[in-house]
Structures are given as structure tokens and as C-alpha cells.
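Summary of the model geometry
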Amino acid sequence: MDIDIEVLDLLSTKTHVSSDCKELFHLLQKPHIQGLLCAHDAVAQKDYYPRLPDIPLEVDEDEETVKIVQLVKSNEPLGDGGVEPIVGATIKTCEETGKIVIARIMHGGAADRSGLIHVGDEVCEVNGISVEGKTPSFVLQILQNSEGTITFKIVPADSKSGVRESKVRVRAHFSYVAGDDPYIPCREAGLDFVKGDVLHIVSQDDAYWWQARREGDRNMRAGLIPSRALQERRILLERKEKEKDKEKSDEDNISLCSVPVPLPALCPRPSTSLHASPTKCNLQGIKTKKIMYDAAENDDFDREEVPTYEEVAKLYPRPGLYRPVVLIGPPGVGRNELKRRLMATDSEKYKTPVPYTSRPPRPGEINGKEYHFVSREKMEEDLEAGKFIEYGEYKGNLYGTNSESVSSLVNAGYVCLLNPHYQALKMLRTPQLRPYIIYIKPPTFEVLKETRNEARARSTFDENNSRGFTDEEFTEILHSAERIEFLYSHLFDEVIVNADLSMAFEQLVNAIHRVESEPLWVPASWVQ
Ligand SMILES: Nc1ncnc2c1ncn2[C@@H]1O[C@H](COP(=O)(O)OP(=O)(O)OP(=O)(O)O)[C@@H](O)[C@H]1O
């Protein structure tokens, strides 16, 4: 800084200076250059807080194996079972030797950034106080009572497992609050996240506690999260508990009232499916009613997957090759309306595949326009061969969407729009199709009723009459929504609440634009 002033003085006295000198004169007066020079001087003169004490010279016996490390106390964890955060590491008593050792280094924390402390290092002294034979809480007490820098005397672990950062990214399928977790070894070291967050897993060394950062988070320090194995165990345990509670309450109910009281049917349920997945073949504005699927609700507790984390990677958009857009939602929520509007904006961009049916064509129907008409035998053969991404039976006829119809639209450069029954989701979510799944969610009962009645919306529950929705049907939409969310919310890429139709449509257009133009997270297996 002194030199800066000197140079400025010198230049200011000159009357004729070159353009370079003028520029230098100008630059040296800039506040950020002066700030930089001041910072340089402060570091060079060790003029900063806290001032590190001199390293003790009386290092004993085996100098080779002892390390003196000084760290500045900060708000990062050094704990054993949830004590005050201090330097970004946790300690424990080694079961074999009884000595205090470093149990875990938090990625990006002070200890990690120093590069001087490693897992397994033995802590001999803290601030000159021997901790031999002491407990971790004794060490923590010293740390809690100390100010500024902390000096550790450490015996390095024999084999320092070079902690290399993994590149794994996962999408969390559950939300986590470390503060509410009674099992986390150090609450302050935990990382909170919400369902859908993408996490960068930096260490999976511990079987139960991984270290992770939220993707895009500027905080360099990683936090502890439950490992997949731990979370799976928890979910299964929770489910068991719930089942037990349910059984118990059922037993109680039976003892109170031995005759089961049937619940009033909310709306007539149509026939049950031949196979799992249903289809909705409403194309190019042709309203053909086909509620034909499994109305049984036993899929509610039939979720064989335990959704914890899903490994993801970025998929970069490829010009001219668009990912199919799948609209999922409860029947009646407005998926067809949104799809219709989209196709109306640009019929040369958005297409929907023509479904197949074993039903004979009706007068005026053209093969390949409303449907591809095929024999039942042919359709059954193709179903058997797994050629359909969704299919079902309605009034004795088979209906379905052939996967080839989807891929030929995609390969021809169209944005392929699909609004299948939700049970078809798993079949659709493949590395070949790479769909972008948008869940169309109903708003609250009041808003649903108000918006639909205001717009004179037509009920989709009664194929024989054009009439408005009934209250029971609105309730049914919300009930189906709950089931879909329970079963499949971990598969949604995006959620759009269809309250105000034009707002929902705008969100849909924006979502499709994102899919076309931005790299997005997808299951890692899709990009390998
Ligand atoms: N946000 C909205 N506000 C008002 N009316 C809406 C809204 N969204 C959809 N509708 C109307 O609700 C009715 C049902 O919509 P649509 O046919 O799109 O339902 P769907 O989800 O395709 O149901 P299904 O799968 O049973 O055919 C239509 O009359 C549609 O215009």
C-alpha cells in the first residue's frame, strides 16, 4: 500500500505522462485495488485475527509421528453426539486402543480445508492439555472453553485413506431434518433437505451416515445425511409400525362393531382392468370415454419400492430430438384440456400417438386417424411381446399405446405428448423413452369447485351426459390425487397445480421450454 501511495505521488507531479502511466494512475486509485493491496499487507505482516501462537518447540520423543495443527475455532461441528460445533470434525474413543481419534472429517469444513487432520488420527493434546485416557466430552469441554485458535497435537493415522470426493449425485425422495433425527451422531453436522433436492454425495465411507452437499449450494462444508441402507430400514420399520397400528385399530373397531359398515360409493367405478395399465385414447379432440382400469385401491400399500435416493445425472437437450412429455394426474383434473391447448398452439410441434384398439371401426372412423384398428389376436400377441407402453380393456375391447408410435414421433422431431393412466408410469419411465413427467395436481376442493363451475367445465365421469362435476366427483379427483402422490410422487419431474387454467398452461409451456433448452437431472442410467 505504501508503494501504491508513493507511485501515485510520483505520477501526480508529472505533467507529461504516457497513456500507460495514466492508466496505472487511474487503476491504483480504484478502491478494489487499494483493498487488495491492504489485504496483501495485512497477510504479509501477519496483521490478522486471531494471531496464531508460536508452535511449541518442546515437541517430545518421536518427532516424526507427531503433528501440531492449529485451527481457528468456528461454527462448525466437532462433536460426539450433538455437542457444540467447532472445527468440522467429529471424535470418538477408539474401541481397540481407548485413545481419542478423529472419527469423521466434514467435507469442506475447517479441518478438511486445512488438509492436516484425517480420519483415524489420534488426538494427544488440545491447547497443551493432554487428553490421554480422557473421554471425548472432556475434549469437547476444552474446545468449548477455548477462544480463537485451537492447537492440536496429533499422531497421524498410519494409513491416511485419501478422502477423495465422489461424483455421485442423487435426488432425494424424502425430506430430512437433522434436528428431528434422534439417531444422527452430531445434529449440528446434519444436512437438511427436502424431497426432490439433488444432493452431491461426497463420501459414502460410513455405512449409515453419508456426507453430502446440496447441489448448487455455495456452502462448501458437507453435512451428514442418512445412508440409503439406513433410510430404507427406517421406512420399512415405519411401515411395519403403521401396519401394526392399523391392525390394532381394525381389531378395536371389530370389537366395537362386528358388522362392517360399507362406505358410500363416491361415484360409479367402471370395470376392472385386464392388466395393470389403463389407457385414455382421447386424441385430436375426439372425446372417447374409456375409463377402464383397475379401480381397486389395493395398490396403495403395494409400493414395493422404498424410495430413498435415486442416482441422477444431467441430460443435455439434443436439438431436434425432444423428450416425450407425460401428463399424469387424477381423471378429470384437466390433462386433456392442457394437452388440447398445447396442440392448438402449434400442431406441427406437438403430437400425440394414435392408440391401437381391437374394437372394430365405427362408421366414419379411419384406420390410423382415430385409432389403429387391429385384431384382438394381433393385439394380444403384441401385448405379450411388451410392445405397449400402456394398455387396458374396456367393454370387451383392448386399447393401448404402442411404444413404437411414441418413438417414431420422437425420432421425427416432434414433442410427443402423453397422458396415460398413472399405473403406466413405471412402464414409461425407461432409458429409451426418457420422458419428462409432469404431475397435474388439483387445487383444494373449494378452488376446484369454484374454477370448474365458473368455466362450466364438463364432467369426465359420465360419458353419456354432458354435465358439470358433482361435489362427489371433485372429492373423487382429490382422493385419486392423494393416491397418485403417495404412489408416484418420486417419479415426477415437475408439479403444476391446475387451479387457474391459463396459469397452469403457462407453467406447462415454460416447463416444456426448459426440457428443450436446459440440461436436466434424470436417472443416471439414462445417460450412461
Ligand atoms: N383449470 C381449469 N379451470 C376450469 N376448468 C377446467 C380447468 N382444467 C380443466 N377444466 C375443464 O374440466 C373438464 C375436464 O377436463 P379434461 O377433460 O381435460 O380432464 P382430464 O384430466 O383429461 O380427465 P379424464 O382423464 O377423465 O378425461 C373440461 O371441461 C375442462 O375444460
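All values reported here derive from a predicted model rather than from experimental measurement.

1. A look at the pattern of salt bridges
Scanning the entire structure with this criterion turns up 21 salt bridges. Put simply, D217 and R214 hold a salt bridge, and the shortest N to O gap is 3.1 Å. Owing to a relative accessible area of 31%, D217 belongs among the partly exposed residues under this scheme. A residue is classified by how much of its surface remains accessible, and R214, at 28% relative accessible area, is partly exposed. Salt-bridge contacts for K441 lead to E485; the nearest nitrogen and oxygen are separated by 3.1 Å.

2. With respect to unusual backbone geometry
Excluding glycine, residues mostly have negative phi values, and the peptide bonds linking residues are mostly trans. Of note, N127 is a non-glycine position whose phi angle comes to about 50 degrees, a positive value. Along the chain, N127 falls in the loop between β5 (122-126) and β6 (129-130). In the Ramachandran plot, R456 falls in the positive-phi region, its phi being about 50 degrees despite a non-glycine side chain. Within the secondary structure layout, R456 lies in the loop between α11 (445-454) and α12 (471-488). The class of R456 is exposed, set by a relative accessible area of 67%.

3. Notes on the pairing of strand β17 (residues 388-394)
Of all seven residues in β17, seven are buried; the element is thus mostly enclosed. Counting the residues between successive antiparallel strands, the hairpin from β17 to strand β18 (residues 397-402) contains two residues, one of them, K395, with a positive phi of roughly 45 degrees.

4. Brief notes about the sheet that holds β17
Reading across from one edge, β16-β15-β18-β17 is the order of the four strands in this open sheet, with mixed pairing throughout. Only two strands of the sheet have a single partner each, and these edge strands are β16 (372-373) and β17. Pairing geometry for strand β15 (residues 356-357) and β16, over two bridges, is parallel. Paired with Y356 across the strands is H372, a residue of β16. Contacting β15, β17 and β18, helix α8 (residues 376-384) crosses the sheet at an angle of about 45 degrees to β18. Running at roughly 30 degrees to β18, helix α9 (residues 403-411) makes contact with β15, β17 and β18 of the sheet.

5. So, the packing of aromatic side chains
Overall, the coordinates contain 13 aromatic pairs when judged by the stated rule. Taken together, a centroid distance of 6.2 Å and an interplanar angle of 90 degrees make the contact between F445 and F474 edge-to-face. In this pair, F445 is assigned in helix α11 and F474 in helix α12, connecting sequence segments 29 residues apart.

6. With respect to helix α13 (residues 501-517)
Residues separated by three or four positions in an α-helix point in the same direction, a consequence of the helix having 3.6 residues per turn. Between its first and last C-alpha atoms α13 spans 24 Å; for 17 residues at 1.5 Å apiece the expected length is 24 Å, and the two agree. By the burial criterion, the buried members of α13 are A504, F505, L508, A511, I512 and V515. For α13, the angular spread of the buried residues around the axis is 120 degrees, confining them to a single face.

7. Structural notes on the sheet that holds strand β22 (residues 520-523)
If you trace the six strands from one edge of the open sheet to the other, you get β11-β10-β9-β8-β12-β22, paired in antiparallel fashion. Among the strands making up the open sheet, the edge pair consists of β11 (223-226) and β22. Neighbouring strand axes in the sheet, compared pairwise and without regard to direction, differ in orientation by 55 degrees on average. Pairing of strand β9 (residues 198-203) with strand β10 (residues 209-214) involves four bridges; the strand directions are antiparallel. Each bridged residue has a counterpart across the sheet, and for L199 the counterpart in β10 is R214.

8. So, the confidence of the model for the protein chain
Confidence in the prediction of the protein chain, expressed as mean pLDDT, is 82, and 82% of residues score 70 or more. The least confident element of the protein chain, judged by mean pLDDT, is strand β2 (residues 78-79) at 48; the most confident is strand β20 (residues 436-441) at 98. Taken together, the stretch residues 78-84 has pLDDT below 50 and engages in 30 contacts with residues farther than four places along the chain or on a different chain. Note on residues 254-302: pLDDT under 50 across the span, and 102 contacts to partners over four residues away in sequence or across chains. What the predictor reports for the complex is a pTM of 0.67 with an ipTM of 0.96.

Conventions and cut-offs
- Residues numbered from 1 in each chain as written.
- Predicted model: local features only at pLDDT ≥ 70, side-chain atom pairs only at ≥ 80, totals over all residues.
- Heavy atoms only, no water.
- Salt bridge = Lys/Arg side-chain N within 4 Å of Asp/Glu carboxyl O.
- Buried < 20%, exposed > 50% of the residue type's maximum accessible area, 1.4 Å probe, protein only.
- Helix = DSSP H or I, 4+ residues; strand = E, 2+ residues; numbered from the N terminus.
- Pairing = 2+ DSSP bridges.
- Contact = heavy atoms within 4.5 Å.
- Axes fitted to C-alpha atoms, helices over the stretch in contact; angles between N-to-C directions.
- Phe/Tyr/Trp six-rings, centres within 6.5 Å; stacked < 30°, edge-to-face > 60°.
- Expected span 1.5 Å × (residues − 1).
- Arc of directions from axis to C-beta.
- pLDDT = per-residue confidence, 0-100.

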